[in-house]
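# Remarks on the overall topology
One-letter residues, chain by chain:
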Amino acid sequence: MSEITKTAMITLCGRPNVGKSSLTNALVGEKVAIVSNKAQTTRNRIYGVVNRRDTQFILLDTPGLHKPRSALGDYMVKIVTSSLADVDCALLLVEPIPHVGAPEQALIDRVREEKIPCILCVNKIDTVEPAALLPVIAAYNEAWEGFDAIIPLSAHTGDGLDDLLAELGKYAEEGPQLFPDGQTSDQPERQVVGELLREKLLLCLDKEIPHGTAVEVTKFSERDSGVIDVSATIYCEKASHKGIIIGKHGDMLKKISSLARHDMEKFMGAKIYLETWVKVKENWRDNVNSVRSLGYRDE
């Protein structure tokens, strides 16, 4: 029986590919956000839920702050900035580089504007020597003296995560449990399986192609036998991209679908029958109506 008496809403923000989704997954203890080594993997705000003793932490994983070049980019940046309102604390996640870039400065300015507590998290410490962290910390202290705490950590190895949760506990407020025991994300299962398929597109495809793809799950139903039927349409922006996604003799699409099905079965704990199609929707990222129709909505 849960003994949750306090909650804390925490926004994770930073530039693309700094490790926000990896940190969210590490804190939650399971995959609730897709990850890849490509920038702008996360497109929506995703809630991860962590219950620790008497506190429920709700982590808001956001897209990386970047200069938008499309209607989809505009949507993603709006998600970042709006997620810094009405939360108990912000985590500014940065890499161990002794330089405060424009995205980091913009987020610091936004945090100051919202007058919310902020913790600086220096991620990927497993990739540098400990002495290399000192100039990083100095650079950020020079940019802003208002950080409540500075915590070096590694989402990959888990170093520093206990320290982070202990620090976050200071911002918890008395209140009811918002998510029931066992729920680790606000995402519906249908949305998660679509994201897992998009993750494999990012993994298997090169250059700009995967950034121009979107996934729509058109069927998600369970048979009496327990098998879950999933039908998904992959949208891309050009006919030439469609051919690359499908591959010679359909080999690439088979590979993407097989990898996705494996993760879907792990997530659902059930057998998955997956069918995938590829369709062209030209320049959908630049069309506000297309962006909204594919599930990227502000409301």
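Along each chain, numbering runs from 1 in the same order as the chain's sequence is written. Totals for whole chains, interfaces and linings use all residues, but because this is a predicted model, local features are given only for residues with pLDDT of at least 70 and pairs of side-chain atoms are given and counted only at 80 or more. As a rule here, side-chain values cover all heavy atoms of the structure and leave hydrogens and water aside.

The relative placement of two packed helices is expressed as an angle between their axes plus a distance between the axes. One can describe the packing of helix H7 (residues 239–246) onto helix H8 (residues 251–268) by two numbers: an axis separation of 5 Å at closest approach and a directional angle of 65°. In terms of axis orientation, H7 runs roughly perpendicular to H8. Where H7 approaches H8, its residues Ile244, Ile245 and Ile246 are matched on the opposing element by Asp251, Met252, Leu253 and Ile256. Any residue outside Ala, Val, Leu, Ile, Met, Phe, Trp, Tyr, Cys, Pro, Asp, Glu, Lys and Arg is labelled polar, Gly included; the first ten of those are nonpolar and the last four are charged. For the contact of H7 with H8, the residue count by class is six nonpolar, no polar and one charged. Axes here mean lines fitted to C-alpha atoms, for a helix over just the part in contact, with angles spanning 0 to 180 degrees between N-to-C directions. To qualify as a helix, a DSSP run of H or I must reach at least 4 residues; to qualify as a strand, a run of E must reach at least 2; elements of each kind are numbered from the N terminus. Each angle receives one of four descriptions, namely roughly parallel if under 35 degrees, roughly antiparallel if over 145, roughly perpendicular if within 65 to 115, and oblique otherwise. In what follows, residue pairs with any heavy atoms lying within 4.5 Å of each other are defined as contacts.

On to unusual backbone geometry. A positive phi is found at Asn17, a non-glycine position, where the angle reads about 70°. By the secondary structure assignment, Asn17 is in the loop between strand E1 (6–13) and helix H1 (20–28). A positive phi angle, close to 50°, is found at Asn283, a residue other than glycine. Among the structural elements, Asn283 can be located in the loop between strand E10 (272–280) and helix H9 (288–293).

Here we come to the environment of Ala85. By secondary structure assignment, the location of Ala85 is in the loop between helix H2 (71–82) and strand E4 (89–94). Judged by its relative accessible area of 23%, Ala85 falls in the partly exposed class. It is 20 Å that separates the C-alpha atoms of Ala85 and Glu167, two residues lying 82 residues apart in sequence. When a residue's accessible area, from a 1.4 Å probe over protein chains only, is under 20% of the maximum for its type it is buried; when over 50% it is exposed; and in between it is partly exposed.

Turning to the side chain of Ser290, a few remarks are in order. Within the element layout of this structure, Ser290 appears in helix H9. When near neighbours in sequence (up to four residues on either side) are disregarded, Ser290 contacts Lys281 and Trp284.

Tracing the chain through its elements places Glu167 in helix H5 (residues 161–168). On the accessibility criterion, Glu167 (14% relative accessible area) is buried. With sequence-adjacent residues up to four places away left out, Glu167 is seen in contact with Ile119, Ala149 and Ile151.

Below, the discussion takes up the packing of helix H6 (residues 189–204) against H8. The N-to-C vectors of H6 and H8 enclose an angle of 140°; their axes lie 9 Å apart at closest approach. Considering the angle they form, H6 stands oblique to H8. Where H6 crosses over H8, the handedness of that crossing is right-handed. On H8, the residues that touch Glu189, Val192, Val193, Leu196, Leu197, Glu199, Lys200, Leu201, Leu203 and Cys204 of H6 are Met252, Lys255, Ile256, Leu259, Ala260, Asp263, Met264, Phe267 and Met268. Counted by class, the contact of H6 with H8 contains 14 nonpolar, no polar and five charged residues. Two helices crossing with the near one rotated counterclockwise from the far one by less than a right angle form a left-handed crossing, whereas a clockwise rotation gives a right-handed crossing.

Next up on the list: the sheet that holds strand E8 (residues 214–222). Strands pair, by our definition, only if DSSP identifies at least two bridges between them. Taken in spatial order, the three strands line up as E8-E9-E10 in an open sheet, and their pairing is mixed. This sheet does not close on itself; its edge strands, each paired only once, are E8 and E10. Across this sheet, the average inter-strand angle for adjacent strands is 15°, counted without regard to direction. Pairing between E8 and strand E9 (residues 228–236): eight bridges, direction antiparallel. By the bridge assignment for E9, Val217 is matched with Ala232. The sheet strands contacting H6 are E8, E9 and E10, and the helix crosses E8 at an angle near 135°. Against the sheet, H8 engages E8, E9 and E10, with an angle of about 135° to E10.

It is worth spelling out the nonpolar core at this point. Counting 27 residues, the largest nonpolar core has Leu92, Tyr140 and Phe147 as the members making the most contacts within it. Of all the secondary-structure elements, those providing two or more residues to this core are E1, strand E3 (55–61), E4, helix H3 (102–114), strand E5 (118–122) and helix H4 (133–143). Examining the composition of this core, we find that four residues originate from one element, H4, more than from any other. Those residues within four positions of Tyr140 in sequence are excluded, and the remaining contacts are Val94, Ile97, His99, Val100, Glu104, Ile108, Leu120 and Phe147. Nine residue types can take part in a nonpolar core, namely buried Ala, Val, Leu, Ile, Met, Phe, Trp, Tyr and Cys, and a core is a set of them joined through side-chain atoms within 4.5 Å.

This next bit is on the pattern of salt bridges. A pairing counts as a salt bridge when a side-chain nitrogen of Lys or Arg comes within 4 Å of a carboxyl oxygen of Asp or Glu. Tallied over the full model, the rule gives 15 salt bridges. Linking Arg110 and Glu113 is a salt bridge whose minimum nitrogen-to-oxygen distance equals 3.0 Å. You can see Arg110 and its partner Glu113 sitting in helix H3, three residues apart, about one turn around the helix. As a salt-bridge pair, Lys200 and Glu199 come within 3.1 Å of each other at their nearest N and O atoms. One exposure class covers both Lys200 and Glu199, and it is buried. A single salt-bridge network, built from bridges that share partners, covers Lys31, Glu199, Lys200 and Asp263.

By themselves these figures say nothing about function.
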